[in-house]
Amino acid sequence: MARPVHASIDLHALRQNLSIIRRAAPQSRVWSVVKADAYGHGLERVWSALNTTDGFALLNLEHAIMLRERGWKGPILLLEGFFHADELELLDKYRLTTSVHSNWQVKAIQNARLHAPLDVYVKVNSGMNRLGFAPERVHTVWQQLRGLSNVGAMTLMSHFAVAERPEGIVEPMQKIEQAAEGLDCPRSLSNSAATLWHPEAHFDWVRPGIVLYGASPSGQWQDIANSGLKPVMTLSSEIIAVQNLKAGDVVGYGQRYRATRDQRIGIVACGYADGYPRVAPDGTPVLVDGVRTTTVGTVSMDMLAVDLTPCSQAGIGTPVELWGKEIKIDDVATACGTVGYELMCALATRVPVVTV
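Residues numbered from 1 in each chain as written. Predicted model: local features only at pLDDT ≥ 70, side-chain atom pairs only at ≥ 80, totals over all residues. Heavy atoms only, no water.

Going by an unreviewed UniProt entry, the chain carries the name Alanine racemase and comes from Yokenella regensburgei. Note on the chain: under the UniProt heading Catalytic activity (unreviewed entry), the record states "L-alanine = D-alanine". Its UniProt record gives the chain the following Pathway (unreviewed entry) comment, quoted word for word: "Amino-acid biosynthesis; D-alanine biosynthesis; D-alanine from L-alanine: step 1/1." (UniProt positions renumbered as here; feature names shortened; annotations may be inferred.)

This is the structure in structure tokens:
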């Protein structure tokens, strides 16, 4: 009999989330961001549920090629561009749009032998200091690229570090406007947070990521609770053993949790080797047989323990939701001092996945 832990992916929720994003930015086209294997959901598994998008944005050439081979004919954007000049041959073959954020990439495009011009996204460093040209350099780079026969359509691109804050895009937008001065160019600026909360930054293309999968870009579920967005991934398992503790008994490695009274606990078939965070503290929310309760003790490789006090009817075989429709991944992540992005992306390959 198979180990009961599994993840389910709700394709209807994914489609619905894309529709909600379109309503939030009705004048913009949508890049559906599917990097990190669609945020751990499995790109090959979910891309067809997003086939009403205007384009896909990702990092890996392999995934871009897979989309082409599965029949996607629309735009595909490489968010970090190409990493080596010899990759331009594949960008040319599969007609991929590349971001350009470094001088060496400009030179590589200039020297490449292509069958047709490539569309490019020129990235502006608006203060995040990861990738991109300084605002004062953009005009020069733009003109360099504009003069190349290997370059087709051009778009100005940037990224916001704190768009979840009310004033989070003010300074970055000033730098972007500085970079765009004198340029008549389409723009793609908005990540998930800006797509939801900063319509002034929508422009021509928005690039939603985490919100497609039904989690909050702020890390707080309440910030999107009234948006209609639905969690796409649910991680579930079952209770495989029950322990009856006396006061003073301990649970798990390190004896971190000690019972203060008689207490039933359930042992759940899920651990950090499945992608559940080992750092989860006592009190991390979990759903047992439809009843909200909490974890107790240190998460081990294959198992974790939950308090059965609120759900006395629970026993071996009782279903458990670790995160999903009822236990929001943002709430689990907050308890663990991280973000829902990390939990999604950490889902282990040994966990069976079913689509709903």
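From this point on, the discussion continues.
Hey, could you run me through the side chain of Arg68 in this one?
Along the chain, Arg68 falls in helix 4 (residues 61–69). Here Arg68 is in contact with Lys73, Gly74, Pro75, Ile76, Tyr94, Arg95 and Leu96, once residues within four sequence places are set aside. (Helix = DSSP H or I, 4+ residues; strand = E, 2+ residues; numbered from the N terminus. Contact = heavy atoms within 4.5 Å.)

Any chance you could explain the pattern of salt bridges here in plain terms?
Opposite charge on two side chains permits pairing when their charged atoms draw close. Enumeration according to the criterion identifies nine salt bridges in this entry. As a salt-bridge pair, Glu177 and Arg187 come within 2.7 Å of each other at their nearest N and O atoms. Taken together, the residues Glu177 in helix 8 (residues 170–180) and Arg187 in strand 8 (residues 187–190) connect sequence positions 10 residues apart. The buried category is assigned to Arg187, whose relative accessible area is 11%. Taking the shortest distance from any N to any O, the salt bridge between Arg350 and Asp302 comes out at 2.7 Å. Highlighted residues: Arg350 in the loop between helix 11 (340–345) and strand 18 (353–355) and Asp302 in the loop between strand 15 (291–296) and strand 16 (304–307), separated in sequence by 48 residues. Judged by its relative accessible area of 41%, Arg350 falls in the partly exposed class. Taken together, the shared-partner salt bridges in this structure form one network comprising Arg3, Asp274, Asp302 and Arg350. (Salt bridge = Lys/Arg side-chain N within 4 Å of Asp/Glu carboxyl O. Buried < 20%, exposed > 50% of the residue type's maximum accessible area, 1.4 Å probe, protein only.)

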